[in-house]
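Topology and contacts: notes
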Amino acid sequence: MIGLKKADIGDAKHILEFYQNVINSINGTEFNPKWNERYPNLEYIKTNIEKEELYICTKNREIIACVVVNNRFDPEYEDINWNVNANPNEIIVIHTFAIASDSAGKGIGKEIFGQIKNYGLKNNKKTIRVDIINGNDGAQKVFKRFGFEYVDSVEMFHPAVGLEKFHLFEYDLEKLN
């Protein structure tokens, strides 16, 4: 079983390297989060570590996956007709979810999502949400396979590219109770 653990500040530079390697490895694939040298950056990583919201998965002391899990979302979320009516403290939002290319396709993402889902169920969350930047077709397919449903598309600001269209997806945890 793959285990997620909260990253600590000593992991920050390794996490930045991990994301940079992911960026380089996905060029020309259906996975296109439009990340670059501006995002995710070291400040973003350290901020999420300090908030205890950045999780890593390691194998042989190498980072093979990273994800930020919290309940923060862009203001545009408030205007969306979500499938699940939930207060901010009843949702989980997934950000900057990435798996090393040499670990992709091995079920690691599914295991990590399972752990996030279990956390949500244990902590009385109603829903898990994710926004996927336009053009990141691979991520849309993966989240649909995990059971997420497409909700809407909206323009939001992205630190790497500015104003961009995002596709919003939701996983209903209430249907599991």
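Everything discussed here concerns the structure shown above.
Residues numbered from 1 in each chain as written. Predicted model: local features only at pLDDT ≥ 70, side-chain atom pairs only at ≥ 80, totals over all residues. Heavy atoms only, no water.

**Looking at the packing of aromatic side chains**
We apply this condition: We call Phe, Tyr and Trp rings a pair once their centres come within 6.5 Å, taking the six-membered ring for Trp, and we label the pair stacked below 30 degrees between planes, edge-to-face above 60, and tilted otherwise. Strands are runs of DSSP state E lasting at least two residues, helices are runs of H or I lasting at least four, and both sets are numbered from the N terminus onward. Only protein chains enter the accessibility calculation, which uses a 1.4 Å probe; a residue is then buried when its area is under 20% of its type maximum, exposed when over 50%, and partly exposed in between. Over a ring means this: the NZ of a Lys or the CZ of an Arg is within 6 Å of the ring centre and within 35 degrees of the ring normal.
Scanning the entire structure with this criterion turns up 13 aromatic pairs. An angle of 90° between the planes, with centres 5.4 Å apart, marks the rings of Tyr-19 and Trp-35 as edge-to-face. Of the two residues, Tyr-19 sits in helix α1 (residues 12-26) while Trp-35 sits in the loop between α1 and α2 (42-50), which places them 16 residues apart along the sequence. Both residues of the pair, Tyr-19 and Trp-35, count as buried. Joined through ring pairs, the aromatic side chains of Phe-97, Phe-113, Phe-143, Phe-146, Phe-148 and Tyr-171 make up one cluster. Against the face of Trp-82 rests Arg-129, its NZ or CZ located 4.1 Å from the ring centre.

**Here's the deal with the pairing of strand β6 (residues 149-158)**
Our working rule: Strand pairing is defined by DSSP finding a minimum of two bridges between the two strands.
In the sheet, β6 pairs with strand β7 (residues 162-172) via nine bridges, with the strands oriented antiparallel. Bridge pairing in β7 places Glu-149 opposite Glu-170. Hairpin connection between β6 and β7: a loop of three residues separates the two successive antiparallel strands.

**Focus on the pattern of salt bridges**
Put simply, the rule is: In what follows, salt bridge is the name for a side-chain nitrogen of Lys or Arg lying within 4 Å of a carboxyl oxygen of Asp or Glu.
For the structure on display, the rule yields seven salt bridges. Arg-72 is the salt-bridge partner of Glu-53, the closest N and O atoms lying 2.4 Å from each other. Placement of the pair is Glu-53 in the loop between α2 and β2 (54-59) and Arg-72 in the loop between β3 (62-70) and β4 (91-99), with a sequence separation of 19 residues. A salt bridge links Arg-129 to Glu-170; the shortest N-O distance between them is 2.8 Å. Of this pair, Arg-129 sits in strand β5 (residues 127-133) while Glu-170 is found in strand β7, placing the two residues 41 residues apart along the sequence.

**Considering unusual backbone geometry**
Note the cis peptide between Tyr-39 and Pro-40, where omega equals -5°. By the element assignment, Pro-40 lies in the loop between α1 and α2. Its identity is not glycine, yet Glu-52 carries a phi of approximately 60°, on the positive side. On the secondary structure map, Glu-52 appears in the loop between α2 and β2. In this structure, Asn-60 takes a positive phi of about 50° despite not being glycine. Structurally, Asn-60 is set in the loop between β2 and β3. Classification of Asn-60 as exposed rests on a relative accessible area of 71%.

**Remarks on α2**
Because the α-helix completes a turn every 3.6 residues, residues three or four places apart line up on one side. Quick reminder of the rule: This arc corresponds to the set of directions leading from the helix axis out to the C-beta atoms. Throughout, a contact is declared for two residues whenever any of their heavy atoms are within 4.5 Å. Counting of polar contacts relies on pairs of N or O atoms within 3.5 Å, with two restrictions inside protein: one atom must be capable of donating a hydrogen and the other of accepting it, and residues adjacent in sequence are counted only when both atoms are side-chain atoms.
Those residues of α2 that sit buried are Tyr-44, Ile-45, Asn-48 and Ile-49. Here the buried residues of α2 occupy an arc of 130° about the axis, which is enough to place them on one side. With respect to the buried face of α2, the exposed residues turned more than 90 degrees away are Glu-43 and Glu-50. Looking at the buried residues of α2, the elements they touch are α1, β2, β3 and β4. Structurally, the start of α2 carries an N-cap: the backbone nitrogen of Glu-43 is 3.2 Å from a side-chain oxygen of Asn-41. In the stretch just after α2, Glu-52 is the one whose phi turns positive, near 60°.

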